[in-house]
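Listed here are the chains, written in short residue letters.
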Amino acid sequence: MAWLKGASKDTVPIGKAPRRQKSSRFHIHEKVELERLPSFKDVPAVKRTDLFLKKLAQCQVLFDFSDPSSDLNGKEIKRQALQDMLEYVATTKGALTDVVYPDVVKMFSVNLFRTIPPPIDREEGYDPEEDEPTLESAWPHLQLVYEFFLRFVESPDFNVHEAKKYIDQKFILHLLELFDSEDPRERDFLKTTLHRLYGKFLNLRAYIRKSINNIFFQFIYETESFNGIAELLEILGSIINGFALPLKDEHKTFLLKVLMPLHKPSSLSTYHPQLTYCVVQFLEKDPTLTPQVVDSLLRYWPRVNSAKEVMFLNEIEEILDVTDNVEFTKIMIPVFTKISQCITSSHFQVAERALYLWNNEYILNLIHENVEAIMPIMFKPLYNYSQQHWNRTIHGLVYNALKIFMEMDPELFEQYSNQVNETKQK
């Protein structure tokens, strides 16, 4: 801001146009002329492994996609080689002999393990929700490399014992770094790839979970910048689903110390549905965690961000949907105190979302069973808003909620109506 020195205090700095993240840079060491090799069906079965190794070597050659017109012949030869190998592995029994494993992993690593360009400085105006992501220019090759590797891992011939020699912790760490890619197509393939590896490599499961935890911690407490949080949470949702009961202490710690703090970052909207799914999965497995989760959610409740409040209300509804009456009685006072505050919010969308809870039959049953505890909290804000709120939709929802309370317990409803009227007359 040196240029502002000496300017009037009222001068508004004009923001620069956001600097777009560039597509990944691939280091092209020297130009290599590729020779078109025959397809697998054109050579005898005994020579196919040798041809497979030659094609894998060809596909370790990288091309410059920042110049669309450069080396079109070489790019096409590599594309065809990747396509041939993909079909060969998918359709040929016995295609994966032990000798090809190191070359398959090397080809995958050479093509994909690279430095992801640094994220755009958020002060320069980039919004991950609004702005178009930067797509990888080398995607015509990258996509086929991902598809081939998935076919390789999913093949009935896949030998985990042999693959363990090459797919190790270092490989997993490089794979996880790629989740910061801005290209959603790549993150989708990464999600599927890591999930398959988690399923196949029992020896790497704890390491994968720990490494994802580290990414989350860095995201929450240091950078608040990582593109693949939603995809990692999707993988975890599936992993949590498979946790055995009773839950281990390390898994409960993960819920309370890692997942719940993920509600803090400002970019919550980019991964909130996946985060809610993970939280609800835990509560379905162990309902006794509900009070701790709700307490944590209320502590992270946004104070001035109405869009974020609506997300939290969505999550509260999903939590209540899986809460039995035993756990509900432990959380109903703080939850409905917060809901009463939301109903009186100056942001009509927050008030509207809170009032929509009265359209949920399961939640209404919980309220009905505990109406004597909940009506005292809710009656006054509902009654006041029925008199003064400016929005017609809110009026309709408030009258609906009051009508439901009146039908649940007419005597209690009349008692609170009289109290409010007496207070007004004074």
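Residues numbered from 1 in each chain as written. Predicted model: local features only at pLDDT ≥ 70, side-chain atom pairs only at ≥ 80, totals over all residues. Heavy atoms only, no water.

Enquirer: Account for the overall build of the chain, with residues named and values stated.
Expert: A tally of regular secondary structure across the chain gives 19 helices and 0 strands. Burial statistics for the chain: of 426 residues in total, 50% are counted as buried. Considering only contacts in the chain between residues 6 or more positions apart, those separated by 24 or more positions represent 75%. When the accessible surface of the chain is split by element, carbon and sulfur atoms take 51% of a total near 21,900 Å². (Helix = DSSP H or I, 4+ residues; strand = E, 2+ residues; numbered from the N terminus. Buried < 20%, exposed > 50% of the residue type's maximum accessible area, 1.4 Å probe, protein only. Contact = heavy atoms within 4.5 Å. Areas by Shrake-Rupley, 256 points an atom, 1.4 Å probe, with all protein chains shown as cover.)

Enquirer: So what about the packing of helix α10 (residues 249-259) against helix α11 (residues 272-285)? Which residues, and what values?
Expert: Between α10 and α11, the least distance of the axes is 11 Å, while the angle of their chain directions is 145°. Crossing of α10 over α11 shows left-handed handedness. Here α10 contributes His251, Phe254, Leu255 and Leu259 to the contact with α11, which in turn contributes Leu275, Cys278, Val279 and Phe282. When the residues that make up the contact of α10 with α11 are grouped by side-chain class, the tally is 7 nonpolar, 1 polar and no charged. (Axes fitted to C-alpha atoms, helices over the stretch in contact; angles between N-to-C directions. Left-handed = near helix turned anticlockwise from the far one by under 90°. Nonpolar A, V, L, I, M, F, W, Y, C, P; charged D, E, K, R; others polar.)

Enquirer: Can you tell me about unusual backbone geometry, naming the residues and giving the values?
Expert: Following Leu245, the chain continues into Pro246 via a peptide bond in cis, with omega recorded as -5°. The phi torsion at Glu224 lies on the positive side, around 50°, for a residue other than glycine. Positionally, Glu224 belongs in the loop between α8 (205-223) and α9 (229-241). By relative accessible area, Glu224 is classed as partly exposed at 26%.

Enquirer: Describe the nonpolar core, naming the residues involved and giving the relevant values.
Expert: In this structure, Phe336, Trp358 and Phe405 are the most contacted members of the largest nonpolar core, which totals 139 residues. Of all the elements, helix α4 (residues 139-154) adds the most residues to this core, at 10 residues. Each residue touching Trp358, except ones within four places of it in the same chain, is listed here: Phe336, Ile339, Ile343, Leu364, Ile367, Met378, Asn400, Ala401, Ile404 and Phe405. (Core = buried A, V, L, I, M, F, W, Y, C linked by side-chain atoms within 4.5 Å.)

Enquirer: Go over the packing of aromatic side chains, please, and point to the residues and values.
Expert: For the structure on display, the rule yields 29 aromatic pairs. When the centroid spacing of 5.8 Å and the interplanar angle of 90° are considered together, the rings of Phe108 and Phe113 count as edge-to-face. Judged by centre distance (5.7 Å) and plane angle (40°), the rings of Phe149 and Phe152 are tilted. On the criterion of helical spacing, the pair formed by Phe149 and Phe152 is a turn pair, its members being 3 residues apart in helix α4. (Phe/Tyr/Trp six-rings, centres within 6.5 Å; stacked < 30°, edge-to-face > 60°.)

Enquirer: I'd like a rundown of helix α1 (residues 48-58), residues and numbers included.
Expert: A turn of α-helix holds 3.6 residues, and therefore any two residues three or four places apart point the same way. Of the residues making up α1, those classed as buried are Leu51, Phe52, Lys55, Leu56 and Gln58. Taken end-on, α1 shows its buried residues confined to a sector of 155°, consistent with a single buried face. The inward-facing, buried residues of α1 contact α2 (72-91), α3 (101-112) and α4. (Arc of directions from axis to C-beta.)

Enquirer: Before we move on, can you summarise the pattern of salt bridges with the specific residues and values?
Expert: Counted by the stated rule, this structure contains 17 salt bridges. For the salt bridge of Glu76 with Arg79, the shortest nitrogen-to-oxygen distance reads 2.9 Å. Taken together, the residues span about one helical turn, with Glu76 and Arg79 both in helix α2 at a distance of 3 residues. Residue Arg79 is classed as partly exposed on the basis of its relative accessible area, which comes to 28%. We note a salt bridge from Arg185 to Asp183, for which the minimum N-O separation is 2.7 Å. Salt bridges sharing partners connect three or more residues here, namely Arg114, Glu136 and Glu186. (Salt bridge = Lys/Arg side-chain N within 4 Å of Asp/Glu carboxyl O.)

Enquirer: Just give me the short version of α2, but keep the residues and values in it.
Expert: Between the first and last C-alpha of α2 there are 29 Å, a value that for 20 residues agrees with the 28 Å anticipated at 1.5 Å per step. Three or more residues of α2 are buried, namely Gly74, Lys75, Ile77, Lys78, Ala81, Leu82, Asp84, Met85, Leu86, Tyr88 and Val89. In this structure, the buried residues of α2 make contact with α1, α3 and α4. (Expected span 1.5 Å × (residues − 1).)

Enquirer: So, the side chain of Ser267: which residues are in play, and what are the values?
Expert: Within the secondary structure layout, Ser267 lies in the loop between α10 and α11. Of the residues examined, Ser267 reaches a relative accessible area of 12% and is grouped as buried. When neighbours within four sequence positions are excluded, Ser267 is seen to be in contact with Phe219 and Glu224.

Enquirer: Describe the packing of helix α6 (residues 169-177) against helix α7 (residues 184-200), naming the residues involved and giving the relevant values.
Expert: The N-to-C vectors of α6 and α7 enclose an angle of 155°; their axes lie 10 Å apart at closest approach. Taken as axis vectors, α6 and α7 run roughly antiparallel relative to one another. Here α6 and α7 pass one another in a crossing that is left-handed. Facing Phe171, Ile172, Leu175 and Leu176 of α6, the residues of α7 in contact are Leu190, Thr193, Leu194 and Leu197. Of the residues contributing to the contact of α6 with α7, the split by class is 7 nonpolar, 1 polar and no charged. (Parallel < 35°, antiparallel > 145°, perpendicular 65-115°, else oblique.)

Enquirer: Break down the environment of Val145 for me, citing the residues and quoting the values.
Expert: Along the chain, the position of Val145 falls in helix α4. Remark: the alpha-carbon pair of Val145 and Met107, spanning 38 residues in sequence, is separated by 8.3 Å. Ignoring anything within four residues of it in the chain, the contact list for Val145 reads Leu82, Met107, Phe108, Asn111 and Leu112.

Enquirer: Before we move on, can you summarise the side chain of Glu309 with the specific residues and values?
Expert: In this fold, Glu309 is placed in helix α13 (residues 306-321). Buried charge Glu309 goes without a salt bridge, the closest partner of opposite sign being Lys338 at 5.9 Å. Reaching out from Glu309, the side chain makes a polar contact with the side chain of Trp301 at a distance of 3.1 Å. Leaving out residues up to four positions away in the same chain, Glu309 has contacts with Trp301, Pro302, Cys342 and Val350. (Lys, Arg positive; Asp, Glu negative; His and termini not counted. Polar contact = N/O pair within 3.5 Å; in protein donor to acceptor, adjacent residues only side chain to side chain.)

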